[in-house]
Amino acid sequence: MAAVYKHELTTTTPSFKPSLANKRIALVFFENSTRTRFSFEIAARHLGAGTLNFSAASSSISKGETLSDTIKNLEAMQVDAFVLRHPSSGAADLITGITSKAVINAGDGSHEHPTQALLDMFTLREYFGKIKGLKVIIIGDVLHSRVARSNIYGLLTTGAEVGICSPVTLMPPDVSRLGVTIFTDLDKAIAWADTAIVLRLQLERAASGYLPSLEEYSINYGLTDERLERIQKHLLVLHPGPINREIEISNNVADRIQPPGYSRSMLLEQVTNGVAVRMAVLNILLAQHTGIV
Ligand code: CP
């Protein structure tokens, strides 16, 4: 379904069947977002749904209203689905116990970001023609990354081999139970992999406090053309965004979408694919009326 939407999105005059006409989707964002929020909004509009944009700062949350009461009140206005981003792990799961409406987790704390993983896997499948057997290295701040967790579960389920590469201080304590290959040496990790998902160093979650210095992190774990050239490795590169330029990824790796060079960036392709994947998610989920993705 997402592939059909992607094909239509990239034509000059996309037109979609308004399968979600008369549906109302609340975009409930307690954290800032560019890609996820706007792609859900565009996806909903393409399918004919109306959107309600909620931000904590301008809502009655600022007067002390709870998340549960907020959701119940929005439901009383006949909302059909909630797209929730929240800084607390488990927030999306919590509200599935409060509402009978569809709930989509748009990122909860350091826990999961399922639609990001779906769009990453879609991007890999589109490029390689398969997921099964691919060796995917996830590089960077795995400890704080909901994107890493959702990708590990999704990629392993669909038959990929997954590696993670980070300083030990940025690995989750239960890392050996995740079923991934663990690297601390970036050159070895890249040599092993078919493709890389580079993670943002989550400076707002105090990631820098786990490192001696940002410069040292960049030297040891930053993905650069110079590193790829030194180890003679061509690599397809994904990153969920937003990027910290010249910290976890160099400008030339982030921006190169054409050869020559050792890297091929999929960053903007991922964003386009995010609209198609979120259209598919909304369509499937609202047809079922309830559930969590
Ligand atoms: N990838 C991602 O979740 O980006 P945003 O925070 O901009 O939504």
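Criteria and cut-off values
Residues numbered from 1 in each chain as written. Predicted model: local features only at pLDDT ≥ 70, side-chain atom pairs only at ≥ 80, totals over all residues. Heavy atoms only, no water. Helix = DSSP H or I, 4+ residues; strand = E, 2+ residues; numbered from the N terminus. Buried < 20%, exposed > 50% of the residue type's maximum accessible area, 1.4 Å probe, protein only. Contact = heavy atoms within 4.5 Å. Pairing = 2+ DSSP bridges. Axes fitted to C-alpha atoms, helices over the stretch in contact; angles between N-to-C directions. Near = heavy atom within 4 Å. Polar contact = N/O pair within 3.5 Å; in protein donor to acceptor, adjacent residues only side chain to side chain. Areas by Shrake-Rupley, 256 points an atom, 1.4 Å probe, with all protein chains shown as cover. Nonpolar A, V, L, I, M, F, W, Y, C, P; charged D, E, K, R; others polar. Domains from an automatic or database assignment.

With that settled, consider the overall build of the chain. What the chain contains, in helices and strands, is 11 helices and 10 strands. Over its C-alpha atoms, taken along the principal directions, the chain stretches across nearly 60 × 45 × 30 Å. Going through the 293 residues of the chain one by one, you find that 54% of them count as buried. Pairs at least 24 apart in sequence give 73% of the contacts found in the chain among residues at least 6 apart.

With that settled, the discussion passes to the sheet that holds strand 5 (residues 135-139). With parallel pairing, six strands are arranged side by side in an open sheet as 7-6-5-8-9-10. Two strands lie at the open edges of the sheet, namely strand 7 (181-183) and strand 10 (263-265), each paired on one side alone. Put simply, the sheet's adjacent strands are angled 25° from each other on average, direction ignored. Examined bridge by bridge, strand 8 (residues 195-198) and strand 9 (residues 235-238) share three bridges and lie parallel to one another. Pairing of I197 across the sheet is with L238, part of strand 9. Of the strands in this sheet, strand 5, strand 8 and strand 9 are in contact with helix 5 (residues 114-128), which crosses strand 9 at around 155°.

On to the environment of A2. For A2, the location among the structural elements is in helix 1 (residues 2-9). Spatially, the C-alpha atom of A2 lies 18 Å from that of H113, the residues being 111 residues apart in sequence. Excluding residues within four positions of it along the chain, A2 makes contact with F122, A276, V277 and A280.

Turning next to the site of the ligand. If you check the shell around the ligand, you find S33, T34, R35, T36, R85, H113, Q116, P240 and G241 and nothing else. Contact distances for the ligand include 3.0 Å between an oxygen atom and a side-chain N or O atom of R35. At 2.9 Å, a side-chain N or O of H113 approaches an oxygen atom of the ligand. The protein chains hide 92% of the 260 Å² of surface that the ligand would expose on its own. Residues of the shell around the ligand, tallied by class, amount to one nonpolar, six polar and two charged. When residues of the shell around the ligand are sorted by domain, at least three fall in each of domain 1 (24-109 + 273-289) and domain 2 (114-255).

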